[in-house]
Amino acid sequence: MLRLSNLSIGTKLIITSTLGIMLMAGMITAVMIGNSNVRTAIDDAASQASIAQAASDVRGTIRGLEIGLRDMRLALGLDGSQKAMDYFHQRQKATNGFLDYLLKSLKVGENQERIKRVKALTDQYVAEVEKIAAMNTEIFSLQGQRMGATTTEARDLSERIGDLDSEANRLMRESALPMAEEMEKLLSEISTSSNERS
């Protein structure tokens, strides 16, 4: 066995200096690894918070779509209906922007599938709203024609207006509303999933 008392002072200094340098190198390595892990954890948390925020923003813009649809249906004239549809299209553009961001940002396959489903539902929702908007435009046109029509023509026009209004209400109730509810549910699942991972 090596005894320190048999070694010269120079050798003892070299050994203790080497041990000190190795200890410092180990401490520096531990700090660097720790900092790297902390930085990675902070980046992951920021990314998850960003995803949760974007999902919340999508939820807000989808509610904006719903408000645009409601305002369009409640409009008393063609100009009010057009303003509501302009608002609707602005919300649609914002929704698509947030959905595209989420598609790029999400790394979990399950959430990517949810966002793809939300995007598909949004496209279907927009298509249904466009149908309803066309019916609304036709209703306003028919109301204008009804003003100068004879009694029989006015009755026929009123029937057609009633049919269009009933069809638009049915589309809202049976098609648009369930789509909006499903989009909300999927976005809640994405937010919950993102919050659990952060």
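What you are looking at is a predicted structure, and each value in this text was computed from that prediction instead of being measured. (Residues numbered from 1 in each chain as written. Predicted model: local features only at pLDDT ≥ 70, side-chain atom pairs only at ≥ 80, totals over all residues. Heavy atoms only, no water.)

**Remarks on the overall build of the protein chain**
Along its length, the protein chain carries four helices and zero strands. Listed N to C, the secondary structure of the protein chain is α-α-α-α in terms of helices and strands. Structurally, the protein chain occupies a C-alpha span of about 125 × 25 × 15 Å along its principal axes. Looking at the protein chain residue by residue over its 198 residues, the buried ones come to 32%. (Helix = DSSP H or I, 4+ residues; strand = E, 2+ residues; numbered from the N terminus. Buried < 20%, exposed > 50% of the residue type's maximum accessible area, 1.4 Å probe, protein only.)

**Remarks on the packing of helix α1 (residues 9-74) against helix α2 (residues 78-105)**
Here α1 crosses α2 at 160°, and the two axes come no closer than 8 Å. Relative to α2, α1 is oriented roughly antiparallel. When the axes of α1 and α2 are compared, the crossing they make is left-handed. In terms of residue class, the contact of α1 with α2 is made up of 18 nonpolar, eight polar and three charged. (Axes fitted to C-alpha atoms, helices over the stretch in contact; angles between N-to-C directions. Parallel < 35°, antiparallel > 145°, perpendicular 65-115°, else oblique. Left-handed = near helix turned anticlockwise from the far one by under 90°. Nonpolar A, V, L, I, M, F, W, Y, C, P; charged D, E, K, R; others polar.)

**Thoughts on a nonpolar patch on the surface**
A surface patch of nonpolar side chains, amounting to about 280 Å² of accessible area, comprises Ile15, Leu19 and Met22. Within the secondary structure, Ile15 is located in helix α1. Accessibility expressed as a relative area gives 33% for Ile15, which makes it partly exposed. (Patch = residues over 30% accessible without salt bridge, like charges linked within 9 Å, V, L, I, M, F, W, Y side chains within 5 Å. Areas by Shrake-Rupley, 256 points an atom, 1.4 Å probe, with all protein chains shown as cover. Salt bridge = Lys/Arg side-chain N within 4 Å of Asp/Glu carboxyl O.)

**Remarks on the environment of Ala120**
In this fold, Ala120 is placed in helix α3 (residues 109-147). Separated by 63 residues in the primary sequence, Ala120 and Met183 have C-alpha atoms spaced 9.7 Å apart.

**As for α2**
Under the 1.5 Å per step criterion, the end-to-end length of α2 is 40 Å for 28 residues, consistent within 8% with the ideal 40 Å. Among all positions in α2, only Ser81, Ala84, Met85, Phe88, Gln92, Thr95, Asn96, Leu99, Leu102 and Ser105 are buried. Residues of α2 that are buried in the fold lie against α1 and α3. (Expected span 1.5 Å × (residues − 1). Contact = heavy atoms within 4.5 Å.)

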